Amino acid sequence: METVSALVAYAIDHGMIEKTDVTYVTNAILALLKENPTPETYQKPKTTQRTLRVFLDPLLDLAFEKGLLEDNSVHERDRFEALIMDTLMPRPSELQHEFNQRFSQDPKAATDYFYALAQNSNYIKTDRLKKNKHFSVKTAYGEMRATINLAKPEKDPKAIAAAQSEEETFPPCLLCREYVGLNMDHKPPRKNHRTIKLTLNEEPFYFQFSPYVYYNEHAIVIHQDHIPMKMSQKTYRRLLDFVDQFPHYFLGSNAGLPIVGGSILSHEHYQGGHAHFPIDDARVLESYQYGSVTIERLLWPLSALRFKAKDKDILVNVLDRFEHIWRTYHNEALGIISKTGVHHNAITPIARKDGDTYQMTVALRNNVTSEKYPDGVFHTHPEHQHIKKENIGLIEVMGLGILPGRLDTELPLIAQYLNGEESLQKIPKSMQPWAMELQDHKPTKNMLEYVYQEAAKIFVNSLEDAAVFPHTEVGHQAFNGLIQKFMTT
Ligand SMILES: [Zn+2]
């Protein structure tokens, strides 16, 4: 079992285990594989290979041959891989201890350690993430980015069927803390999943990384309890407490309403990370002073403001007051219907800390639907949905489009069509009008690059569709009117 000893050596080299653990960990992996040891099993391997897959794939093949996997699907292989990698992971209490110790010296050292562990244990599947496409386009708002994410696996049909059956409803959602170390058929494999306990606004939260990593150190901060998303003073406090503790990270929240919110509204959670986004470079159109709080109106496809203050309590109060005024703001001419039985106005807030100044960038959202726009008046309009139909959530608001995996085949197909190598009929129907439009302005070379750029432009159009105040004279006046109303009441 040279692969087992090589895997154990990898874990030592990456600081996941210590030499004292070798026999114990080796035996734990052998137990999973139902293999018996030989004297060589415990010896340091001759191989100098350092790529995890080189050790893992043969072990997963062996597990399948021995009937330890239900089938040879990606899901089953991932599940067994998580069992193996879990043997190399610290217990949650050990991890917490190590994290806290580093945190007391330097918060960045603590997150660096935790992120490296998530990568080295292949909880974050770095090899799959390399396949993701990234592209950007220069616009009037700055350089906007988009990515086609292929790391998130297609939903297993068995998992969908299981989700509909009664007995599989616990844990209630993917963010619940019961997923730590969970190994359940037809649920995402989380045996090697770990979280860090945090206190925000004197409430218990857990900090973990997203296994799909849409950007650097993509973190999720989750309330201890399965309680629904709700925007309130508490939200701002929690976000600001987090950036106080981790000043090198940002943390933002999706709006707590459908259409303009994230995909999971049933469990209070936020997304953050060690990353810089196009919205951070947005140009300031106008600046207002409200007591000690500076309010900047940003040149951004969505209607966005940035609040800046040195005092956290003052900032929280101002944000709360502003959200209150925005919640009841009604402008029929612009289609901003604040209430039809339920409230429609919401915000997407994003917190950062710059030196001793707190920043909260706020995008104004509204989730009303109409006969003309049944998917949402301020949602991607039908003429832009061939690129992205899904919600414009927090990450998109910041200027990074998370585009669906289907584009990975559809965009190259369109480039081939433009090059005269493929017929129009080969392109999905919903994409054909756009492909014909591109035909009229196509360049003479770098066709694929051109198609990616144009796709990114359509993503920016989607963001503009989500702007409650349009980029017109009337829109600017109305936006200023809202700010004046806030400043004078
Ligand atoms: Zn939950």
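Located above this text is the structure these notes cover.
Note that the structure is a prediction, hence the values are computed from the model and not measured.

Student: Help me understand the overall build of the protein in this model?
Tutor: On a plain count of helices and strands, the protein comes out with 15 helices and 15 strands. At 25 Å, the protein has a C-alpha radius of gyration in line with the 23 Å of a compact globule built from 489 residues. Projected onto its principal axes, the C-alpha coordinates of the protein cover approximately 80 × 60 × 45 Å. The burial tally for the protein puts 38% of its 489 residues in the buried class. Sequence separation of 24 or more characterises 62% of the internal contacts of the protein that already satisfy a separation of 6 or more.

Student: So what exactly am I meant to see when it comes to the sheet that holds strand β15 (residues 400-403) here?
Tutor: Across a sheet, strands are paired by hydrogen bonds formed along the backbone, either parallel or antiparallel in direction. Strand order in the open sheet formed by 3 strands is β1-β2-β15, with mixed pairing between adjacent strands. Across the chains shown, the open sheet's two edge strands, defined by having one partner strand only, are β1 (133-139) and β15. Averaged over all neighbouring strand pairs, the angle between strand axes comes to 20°, with direction disregarded. Bridging between strand β2 (residues 142-148) and β15 involves 4 bridges; their strand directions are parallel. Opposite Arg-145, over in β15, you have Leu-400 as the bridge partner. Of the strands in this sheet, β1, β2 and β15 are in contact with helix α14 (residues 447-465), which crosses β1 at around 65°.

Student: How do you make sense of the sheet that holds strand β8 (residues 284-290) when you look at a structure like this?
Tutor: The strand order across the open sheet formed by 10 strands is β3-β4-β5-β7-β6-β13-β14-β10-β9-β8, and the pairing between neighbours is antiparallel. Each edge of the sheet is formed by a strand with only one pairing partner; in this case those strands are β3 (196-200) and β8. Averaged over neighbouring strand pairs, the angle between their axes works out to 25° when direction is ignored. Alignment of strand β10 (residues 304-309) against strand β14 (residues 357-366), held across 6 bridges, turns out to be antiparallel. Residue pairing for β14: Ala-309 is matched across the bridge by Tyr-358.

Student: I'm lost on the packing of helix α9 (residues 233-245) against helix α10 (residues 312-327) in this one. Help?
Tutor: How two helices sit against one another is set out by the angle between their axes and by the gap between those axes. The N-to-C vectors of α9 and α10 enclose an angle of 145°; their axes lie 9 Å apart at closest approach. For the crossing formed where α9 meets α10, the hand is right-handed. Taking contact as the criterion, the partners of Gln-233, Tyr-236, Arg-237 and Leu-240 in α9 are, on α10, Lys-312, Leu-315, Val-316, Leu-319 and Asp-320. Its residues assigned to classes, the contact of α9 with α10 comprises 5 nonpolar, 1 polar and 3 charged.

Student: Quick question: what am I supposed to make of helix α4 (residues 74-86) here?
Tutor: Three or four residues apart is the spacing at which side chains of an α-helix point the same way, because the helix has 3.6 residues per turn. Spanning 13 residues, α4 covers 18 Å between terminal C-alpha atoms, matching the ideal 18 Å at 1.5 Å per step. For α4, the complete set of buried residues consists of His-75, Arg-79, Phe-80, Glu-81, Ala-82, Ile-84, Met-85 and Asp-86.

Student: Explain helix α2 (residues 22-33) to me, please; I cannot follow it from the model alone.
Tutor: In a regular helix each residue adds 1.5 Å, so 12 residues correspond to 16 Å; α2 covers 17 Å between its end C-alpha atoms and thus fits that length. Immediately downstream of α2, the backbone of Lys-34 shows phi near 50°, a positive value.

Cut-offs used in this document
- Residues numbered from 1 in each chain as written.
- Predicted model: local features only at pLDDT ≥ 70, side-chain atom pairs only at ≥ 80, totals over all residues.
- Helix = DSSP H or I, 4+ residues; strand = E, 2+ residues; numbered from the N terminus.
- Rg over C-alpha atoms; globule rule 2.2 N^0.38 Å.
- Buried ≥ 20, exposed ≤ 12 C-beta atoms within 10 Å, placed from the backbone.
- Contact = placed C-beta atoms within 7 Å.
- Pairing = 2+ DSSP bridges.
- Axes fitted to C-alpha atoms, helices over the stretch in contact; angles between N-to-C directions.
- Left-handed = near helix turned anticlockwise from the far one by under 90°.
- Nonpolar A, V, L, I, M, F, W, Y, C, P; charged D, E, K, R; others polar.
- Expected span 1.5 Å × (residues − 1).

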